[in-house]
Amino acid sequence: IDYQGIYRDPSAVKYWTAFVPRLAMAEEQCAAFFRDYPDGCLLSVVRNPMSWFVSAHRHKPEEYTLEKAAELWLESTRAAMRNLSNYPDRVVLVHFDGLVKDTEAPMRAISRRLGLEFHASLLVPTFNGMPMSANTSFNASPAGTILKASVDRGQQLESSEASFLKERTGACYREALAHVVNT
């Protein structure tokens, strides 16, 4: 019903975007993606494990216990770095905090990296070119706005939870941040 692509000249479209949860975590799925889309690019978002945990736990508390969530975060982040290593010209790591706090700088960097002309529509959440609300387990924002508070959710953790996550994920997080797209 809302497939806006039918109104565009297909030859004018340089990229299509999609979101597939955990696609990049399985090496064989990632390889299949690049086989199927030889000119495709994969963007992986690296999020602070503490703010991510608060959001994930609120979404599915029974699934995202502290220990399980830390292992899932590590698996996902290590997969993103593996994919970057295996496909350096086709994988881009993006820092969630930078994307949320100062959307324009990372979106300009991503546009340059992909060879796209920067457009103001890259600064707001959209679906098929139409503004949309954030997909969140917290209070939704008005369509087309970014929830800047999402980067500070780690402050809601108990000190023992924060300590555990820093100890378990800190080195991997620092390593991943060294590979995010330059703004």
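Computed from a prediction, not measured in an experiment: that's the story for all the values here.

S.K.: What should I look at first to understand the pairing of strand E2 (residues 91–95) in this one?
M.R.: Burial analysis of E2 places four of its five residues in the buried class, the great majority of the element. In the sheet, strand E1 (residues 42–46) pairs with E2 via five bridges, with the strands oriented parallel. Within E2, the position partnered with Leu 43 by the bridge is Val 92.

S.K.: What is the right way to look at the packing of aromatic side chains in this model?
M.R.: Remark: the centre distance and the inter-plane angle together describe each pair of aromatic rings, the angle taken between the planes. Taken as a whole and judged by the stated rule, the model has five aromatic pairs. Judged by centre distance (5.0 Å) and plane angle (70°), the ring pair of Phe 33 and Phe 34 falls under edge-to-face. Comparing Phe 33 with Phe 34, the two get one shared label, buried. Summarising the aromatic geometry, the rings of Phe 33 and Tyr 37 are spaced 5.3 Å apart at their centres and angled 40° between planes, so their arrangement reads as tilted. Residue Phe 33 is classed as buried on the basis of its relative accessible area, which comes to 18%. Counting every residue linked through ring pairs, the aromatic cluster contains Phe 33, Phe 34, Tyr 37 and Tyr 87. In this structure, Arg 47 is placed above the aromatic ring of Phe 96, and the distance from its NZ or CZ to the ring centre is 4.2 Å. Sitting above the plane of the Phe 118 ring, Arg 108 keeps its charged end 3.9 Å from the centroid.

S.K.: Can you walk me through the nonpolar core in this structure?
M.R.: In a soluble, globular protein the nonpolar side chains are often hidden away together inside. With 34 residues, the main nonpolar core has Leu 42, Trp 52, Phe 53, Leu 93, Leu 157 and Leu 165 as its most contacted residues. Elements with a minimum of two residues in this core: helix H1 (27–36), E1, helix H2 (49–59), helix H3 (66–86), E2 and helix H6 (159–177). Ranked by residue count, the leading element in this core is H3, at 10 residues. Apart from residues lying up to four places away in sequence, Leu 157 is in contact with Met 50, Phe 53, Val 54, Ala 162 and Leu 165. Residues Cys 41, Met 107, Leu 114 and Val 181 belong to the second largest nonpolar core, which totals eight residues.

S.K.: Hey, could you run me through the side chain of Arg 90 in this one?
M.R.: By secondary structure assignment, the location of Arg 90 is in the loop between H3 and E2. Those residues in contact with Arg 90, other than ones at most four positions away along the chain, are Phe 34, Tyr 37, Pro 38, Asp 39, Gly 40, Cys 41, Leu 42 and Arg 113.

S.K.: What am I meant to see in the environment of Pro 125 here?
M.R.: With respect to the secondary-structure elements, Pro 125 resides in the loop between helix H5 (104–114) and strand E3 (126–127). The class of Pro 125 is partly exposed, set by a relative accessible area of 23%.

S.K.: Any chance you could explain the packing of H2 against H3 here in plain terms?
M.R.: When two helices pack together, their arrangement is given by the angle between the helix axes and the distance between those axes. Packing of H2 against H3 leaves a shortest axis separation of 10 Å and a crossing angle of 125°. Comparing the axis directions of H2 and H3 gives the class oblique. Both H2 and H3 take part in a crossing whose hand is right-handed. The residues of H3 that touch H2, namely those facing Pro 49, Trp 52 and Phe 53, are Leu 66, Ala 69, Leu 72 and Trp 73.

S.K.: Can you walk me through H2 in this structure?
M.R.: Every α-helix carries 3.6 residues per turn, so stepping three or four residues along brings you back to the same face. The buried count for H2 comes to eight of 11 residues, which makes it a mostly enclosed element. Looking at H2, one finds that the buried residues are Pro 49, Met 50, Ser 51, Trp 52, Phe 53, Val 54, Ser 55 and Ala 56. Of the surrounding elements, those touching the buried residues of H2 are H3 and H6. One side-chain oxygen at the N-terminal end of H2 lies 2.7 Å from the backbone nitrogen of Met 50; it belongs to Asn 48.

Definitions and limits used
Residues numbered from 1 in each chain as written. Predicted model: local features only at pLDDT ≥ 70, side-chain atom pairs only at ≥ 80, totals over all residues. Heavy atoms only, no water. Buried < 20%, exposed > 50% of the residue type's maximum accessible area, 1.4 Å probe, protein only. Helix = DSSP H or I, 4+ residues; strand = E, 2+ residues; numbered from the N terminus. Pairing = 2+ DSSP bridges. Phe/Tyr/Trp six-rings, centres within 6.5 Å; stacked < 30°, edge-to-face > 60°. Lys NZ or Arg CZ within 6 Å of the ring centre and 35° of its normal. Core = buried A, V, L, I, M, F, W, Y, C linked by side-chain atoms within 4.5 Å. Contact = heavy atoms within 4.5 Å. Axes fitted to C-alpha atoms, helices over the stretch in contact; angles between N-to-C directions. Parallel < 35°, antiparallel > 145°, perpendicular 65-115°, else oblique. Left-handed = near helix turned anticlockwise from the far one by under 90°. Polar contact = N/O pair within 3.5 Å; in protein donor to acceptor, adjacent residues only side chain to side chain.

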